[in-house]
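Descriptive structure summary
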Amino acid sequence: NASLAQVDADVAAAVAKELERQQSTLEMIASENFAPSAVMEAQGSVLTNKYAEGYPGKRYYGGCEHVDVIEQLAIDRVKALFGAEFANVQPHSGAQANAAAMFALLNPGDTILGLSLAHGGHLTHGMKINFSGKLYNVVPYHVRESDLRVDMAEVERLALEHKPKLIVAGWSAYSRQLDFAEFRRIADLVGAYLMVDMAHFAGLVAAGLHPNPVPFADVVTTTTHKTLGGPRGGVIMAKEEYAKKINSAVFPGQQGGPLEHVIAAKAVAFKLAAAPEFKERQERVLHGAKLIAERLLQSDVGAAGISVVNGGTDVHLVLVDLRNSELDGQQGEDALHRIGITVNRNAVPFDPRPPMVSSGLRIGTPALAARGFGAAEFAEVADIIATALIAAAGAGTLADDTASELRSRVTALADKFPLYPHLNDDAAL
Ligand code: PLP
């Protein structure tokens, strides 16, 4: 029963440092969140020891009576949360959920339509060296250059021309809502399946603050760790008619033993996501993103050539447009990192800079909302970001005095909302 610190001081020290990093900085990576302690407790439980190949009531191993209860709870809860007919909660990640969903519906060589990675799509929607790009014939669709919104006229034209077997709707870097009814209409026009990957916005859907794709799509995939705020993992939901195919595509098609400890944590997260507090938190997520977009659209920011993709946001993230600025994505990310704000640089559509540098920043509010941030704190963080980006735009980096002044404003915000305070004692062991 030796502790982590006793068994492995090296790993324990790095974990303690990571805890301190999360506590003392402002996490604004749009795909990240802070899992509640109850979720982490389930994930760190004895369930990690259990093999349970198969599904509740139909396992290939003995001793599954308790994990069966847990997995069934996760299935029932996620179905109720999103109004789905069927759910598989075993995918180890969002990428594996997408791989299994495609494996269930497609044969190698089939044609799929997905949003271009360069325009906000995900690797698994058809990137060349991802499994999706290697196994399937990918036809990418795009956003319009005029307003940077998904070009549904192009989706329809490409669908009619290429007759895809599957259309994927979903994104990793986009700040508006998709028109699921229109995607459904186009899919029906050409007899394609419609798969919606709601990994990013699932938490908003669960809270009733974003249209639900489930009624429109044949299959809906998601991660459980982004806006949903649960453990790292994936889920597939579908119409009942695809249940058998999807279950067999996940196991034995793609995976072996399910991670029952993670499934338990998913069950806890789904329970929390159905509670009124979760809706209130997601409202703060959306309001915070709007406040950041508004601040970054003000004239002092505009004077530095900095703007916001789509002119605002309807979701949990803001895409900063640096195409007309001397500041590039790498410099912007570094400047914010230096003052204790973590974001990721991101290519924006029609980006003139290479992807490793990029002309964009993706800034998300879910993790800070989980920490307790409300309108006042988001307005303050918006002003800190604006001030830092303007200051960095001239020289490509921040002057020392500006950096230290902004860093102390960040520290004040972080101190106002202590994160996982009960873990400090464990980490010091
Ligand atoms: N789908 C979308 C839209 C995503 O943004 C991501 C992750 O960034 C994934 C799937 C993959 O999730 P994971 O990292 O859990 O494999």
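Report follows, based on the coordinates. Worth saying up front: this structure is predicted, and the values here are computed from it rather than measured. (Residues numbered from 1 in each chain as written. Predicted model: local features only at pLDDT ≥ 70, side-chain atom pairs only at ≥ 80, totals over all residues.)

Moving on, we get to the overall build of the protein. In terms of helices and strands, the protein carries 18 helices and 15 strands. Computed over its C-alpha atoms, the radius of gyration of the protein comes to 22 Å, within 12% of the 22 Å expected for a compact globule of 429 residues. By its C-alpha atoms, the protein is 65 × 65 × 40 Å across when sized along the principal axes. The long-range fraction of contacts in the protein, counting pairs at least 24 apart against all pairs at least 6 apart in sequence, stands at 73%. (Helix = DSSP H or I, 4+ residues; strand = E, 2+ residues; numbered from the N terminus. Rg over C-alpha atoms; globule rule 2.2 N^0.38 Å. Contact = placed C-beta atoms within 7 Å.)

A few words on the packing of helix 16 (residues 375-395) against helix 17 (residues 400-416). Their axes nearest at 11 Å, the elements helix 16 and helix 17 cross at an angle of 165°. Classified by the angle between their axes, helix 16 and helix 17 sit roughly antiparallel to one another. Viewed along their axes, helix 16 and helix 17 form a crossing whose handedness is left-handed. Here helix 16 contributes Glu 377, Glu 380, Val 381, Ile 384, Thr 387, Ala 388 and Ala 391 to the contact with helix 17, which in turn contributes Thr 402, Leu 406, Arg 409, Val 410 and Leu 413. Class assignment for the residues of the contact of helix 16 with helix 17 results in 7 nonpolar, 2 polar and 3 charged. (Axes fitted to C-alpha atoms, helices over the stretch in contact; angles between N-to-C directions. Parallel < 35°, antiparallel > 145°, perpendicular 65-115°, else oblique. Left-handed = near helix turned anticlockwise from the far one by under 90°. Nonpolar A, V, L, I, M, F, W, Y, C, P; charged D, E, K, R; others polar.)

Turning our attention to the site of the ligand. Near the ligand lie 15 residues; those nearest to it are Ser 93, Gly 94, Ala 95, Ser 172 and Ala 199. Examining the composition of the shell around the ligand, we find that 3 residues originate from one element, helix 5 (residues 94-105), more than from any other. Its residues placed into classes, the shell around the ligand shows 3 nonpolar, 11 polar and 1 charged. (Near = placed C-beta within 6 Å.)

We now examine the environment of Tyr 60. As for its placement among the helices and strands, Tyr 60 is situated in the loop between strand 3 (58-59) and helix 4 (65-82). Judged by local crowding, Tyr 60 falls into the partly exposed class, with 13 C-beta atoms found within 10 Å. Through-space distance from the C-alpha of Tyr 60 to that of Gly 257 is 9.7 Å; in sequence the pair is 197 residues apart. Residues in contact with Tyr 60, not counting those within four places in the same chain, are Glu 53 and Gly 54. (Buried ≥ 20, exposed ≤ 12 C-beta atoms within 10 Å, placed from the backbone.)

Sheets are built from strands paired through backbone hydrogen bonds, the pairs being either parallel or antiparallel. Reading across the sheet, the 4 strands line up as 11-12-15-14 and stay open at both edges, with antiparallel pairing between neighbours. Because the sheet does not close on itself, it has two edges, and the strands there are strand 11 (307-308) and strand 14 (344-345). Bridge count between strand 12 (residues 317-321) and strand 15 (residues 360-364): 5 bridges; the pairing is antiparallel. In the sheet register, Leu 319 faces strand 15, and the bridge partner there is Arg 362. Of the strands in this sheet, strand 11, strand 12 and strand 15 are in contact with helix 12 (residues 276-296), which crosses strand 12 at around 15°. (Pairing = 2+ DSSP bridges.)

Let us look at unusual backbone geometry. Of note, the amide linkage connecting Phe 251 to Pro 252 takes the cis form, showing an omega dihedral of 10°. Note on placement: Pro 252 falls in helix 10 (residues 243-254). Residues other than glycine seldom take positive phi values, yet Ser 358 does so here, at roughly 70°. Considering the arrangement of structural elements, one finds Ser 358 in the loop between strand 14 and strand 15.

Turning our eyes to something else, we now look at the pairing of strand 12. A regular strand places its side chains so that they alternate between the two faces of the sheet. In terms of burial, strand 12 is largely enclosed, as 5 of its 5 residues are buried. Neither face of strand 12 is open: one carries Leu 317, Leu 319 and Asp 321, the other Val 318 and Val 320, and all of them are buried.

The buried count for strand 5 (residues 111-115) comes to 4 of 5 residues, which makes it a mostly enclosed element. Bridge count between strand 5 and strand 6 (residues 137-141): 5 bridges; the pairing is parallel. Residue pairing for strand 6: Ile 112 is matched across the bridge by Val 138. Inspection of the sheet shows strand 5 paired to strand 7 (residues 166-170) by 2 bridges, in the parallel sense. Following the sheet pairing, Ile 112 is matched in strand 7 by Leu 166.

The first and last C-alpha atoms of helix 12 sit 31 Å apart over 21 residues, in line with the 30 Å expected at 1.5 Å per residue. Buried residues of helix 12: Arg 281, Gln 282, Arg 284, Val 285, Gly 288, Ala 289, Leu 291, Ile 292, Ala 293, Arg 295 and Leu 296, and no others. (Expected span 1.5 Å × (residues − 1).)

Counting residues in hydrophobic clusters, the biggest one holds 138 residues, and the most contacted among them are Val 78, Ile 167, Leu 194, Ile 385, Ala 388 and Leu 389. If you tally residues by element for this core, the top one is helix 16, at 12 residues. Contacts of Ile 167, omitting those with residues within four sequence positions, involve Leu 113, Ala 159, Phe 183, Ile 186, Ala 187, Ala 192 and Leu 194. (Core = buried A, V, L, I, M, F, W, Y, C linked by C-beta atoms within 7 Å.)

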